[in-house]
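Coordinate analysis (summary)
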Amino acid sequence: MTKTNYHVRLIEEQDISFLWEMLYASLHTREGDEPIQLESVHTPELSKYVEGWGREGDFGYVAVDQHGKKSGSITLRFYTDQNAGYGYVNAATPEMGMAVTEDARGKGVGTLLLQTALDEAKRRGIEAVSLSVDPDNEAIRLYRRLGFVEEGFCGTSVTMVRVSSLES
């Protein structure tokens, strides 16, 4: 088995369609559930995560393998009480969304994306980052490992927050 090397780069305009794919990939279904319809990403509850990408405060990355194949994305976006997402905490805390393609899971891509985004948030002086995750999603272990703690529930999802240590 050959080891695949990944690198991350900032999200660019041509990545928007991939962000929609990754938004869909991030929707967790439990074993035995009906698959989620692809069109569901265009509902107001979900489309807010990608629509109009590139507005002030938005930042994120795409993971790419050595062949140029996109393998995952991470986005951080600010919301308000009026357009709150599932992992919304407050207007000063960006909500993070992340997904990794099925063939790249378990290869460190999520860790690489997450670490890069958290380093950039810290560089920008952002004190905390939030996210929403299904408690059955394997990614919850990664989030805990990187310092996210459970804050509460929104529907069936856990809202997690990581406060950055700005001293280090």
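None of these values were measured; they are calculated from a predicted model.

**A word on the pairing of strand 7 (residues 157-163)**
Burial runs high along strand 7: five of the seven residues are buried. Pairing geometry for strand 5 (residues 128-133) and strand 7, over six bridges, is antiparallel. Bridged to Ser 132 within strand 7 is Thr 159. Where strand 6 (residues 149-154) lies against strand 7, five bridges are found, and the strand directions are antiparallel. Its bridge partner being in strand 7, Cys 154 is matched across the sheet by Ser 157. The hairpin turn running from strand 6 into strand 7, its antiparallel successor, is two residues long, and Gly 155 in that turn takes a positive phi close to 65 degrees.

**A short note on the nonpolar core**
Core analysis: the largest hydrophobic core is formed by 28 residues, its most contacted members being Ile 74, Met 96, Leu 114, Tyr 143 and Phe 148. Broken down by secondary-structure element, the contributors of at least two residues to this core are strand 2 (59-65), strand 3 (70-77), strand 4 (95-100), helix 3 (109-123), strand 5, helix 4 (139-145) and strand 7. Among the elements that make up this core, the one with the highest residue count is helix 3 (six residues). Leu 114 has contacts with Ile 74, Met 96, Met 98, Leu 142, Tyr 143, Leu 146 and Phe 148, leaving out every residue within four places of it along the chain. Membership of the second largest hydrophobic core comes to 17 residues, among which are Ile 11, Leu 19, Val 41 and Val 62.

**Considering the side chain of Thr 159**
If you trace the backbone, Thr 159 turns up in strand 7. Its relative accessible area of 7% is what places Thr 159 among the buried residues. Non-local contacts of Thr 159, meaning those with residues more than four positions away in its chain, are made with Tyr 86, Gly 87, Val 89, Leu 131, Val 149, Glu 150, Glu 151, Gly 152 and Cys 154.

So, how was this worked out
- Residues numbered from 1 in each chain as written.
- Predicted model: local features only at pLDDT ≥ 70, side-chain atom pairs only at ≥ 80, totals over all residues.
- Heavy atoms only, no water.
- Buried < 20%, exposed > 50% of the residue type's maximum accessible area, 1.4 Å probe, protein only.
- Helix = DSSP H or I, 4+ residues; strand = E, 2+ residues; numbered from the N terminus.
- Pairing = 2+ DSSP bridges.
- Core = buried A, V, L, I, M, F, W, Y, C linked by side-chain atoms within 4.5 Å.
- Contact = heavy atoms within 4.5 Å.

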